[in-house]
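Summary of the model geometry
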Amino acid sequence: MIFSTVIVMIAMVVLGYFIAKNEAAVQPNPNGLLLKSVSDNQSLFESLKKVKEERALKEEKREAELALKRKKQQEAAQREAAQKKAALQALEKEKQQKDLEKKKVVTYPAEVVKVEEVISVSEKEKPKLVIIIDDVSSRSQLAHIRATGLKLTPSIFPPYGPPPITSSQKAQNTI
């Protein structure tokens, strides 16, 4: 068994030697690119220089195009951000205006709600129309009526609690 393993190893080494030798024969010699005459070598080097210069110019042009594209993308992103910011500011301003309008409608100073208005009518000018708002039961309703700025007369309910429970209602609840 050991003998056969040794023979296989030797065969692999020999095979590797021949494969490497054949690959070396197939690969071109880098010095073989040079031509035999000096003028041919100079023209070859000049054409290589031109190719390198053309590649450099193409690379510079490509970099300039990429930089321009990046700049346009940044400008577009900045414009979009500015538009979003302006839209958010407009929404915030609109929200503030709505809140302010709500405060104007709902919130009143205490003196507006508590003070009774005394209307004096002169003998010469008698009212031609009286508007009475019936069934006013809360201060907020009264405040809304006064907020209109018109001469309106509220008919106010007196404050009251729940009605007393009668004996018949008590009898119905116990059954």
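Residues numbered from 1 in each chain as written. Predicted model: local features only at pLDDT ≥ 70, side-chain atom pairs only at ≥ 80, totals over all residues. Heavy atoms only, no water.

Further remarks concern the overall build of the protein. Broken down by element type, the protein carries five helices and two strands. With 175 residues in all, the protein has 4% of them scored as buried. By sequence separation, contacts in the protein at least 24 residues apart represent 30% of the contacts at least 6 residues apart. Total accessible area computed for the protein in this model is approximately 17100 Å², and 61% of it derives from carbon and sulfur atoms. (Helix = DSSP H or I, 4+ residues; strand = E, 2+ residues; numbered from the N terminus. Buried < 20%, exposed > 50% of the residue type's maximum accessible area, 1.4 Å probe, protein only. Contact = heavy atoms within 4.5 Å. Areas by Shrake-Rupley, 256 points an atom, 1.4 Å probe, with all protein chains shown as cover.)

To continue, consider a nonpolar patch on the surface. Together, Ile2, Val6, Ile10, Val14, Tyr17 and Phe18 make up a nonpolar patch on the protein surface, roughly 620 Å² of accessible area in all. Mapped onto the fold, tyrosine 17 is located in helix α1 (residues 2–26). (Patch = residues over 30% accessible without salt bridge, like charges linked within 9 Å, V, L, I, M, F, W, Y side chains within 5 Å. Salt bridge = Lys/Arg side-chain N within 4 Å of Asp/Glu carboxyl O.)

So, on to the environment of proline 158. Within the secondary structure, proline 158 sits in the loop between β2 (153–156) and α5 (167–174). Put simply, proline 158 and aspartate 135 are 23 residues apart on the chain and 9.9 Å apart in space, counted from C-alpha to C-alpha.

Applying the stated criterion across every chain yields a total of one aromatic pair. Taking the centre distance of 5.4 Å and the plane angle of 70° together, the rings of tyrosine 17 and phenylalanine 18 count as edge-to-face. Looking at tyrosine 17, the relative accessible area reads 52%, which means it is exposed. (Phe/Tyr/Trp six-rings, centres within 6.5 Å; stacked < 30°, edge-to-face > 60°.)

For the protein, the mean per-residue pLDDT works out to 78, and 72% of the residues sit at or above 70. Ranking the elements of the protein by mean pLDDT puts helix α3 (residues 110–114) last, at 53, and helix α2 (residues 38–106) first, at 87. (pLDDT = per-residue confidence, 0-100.)

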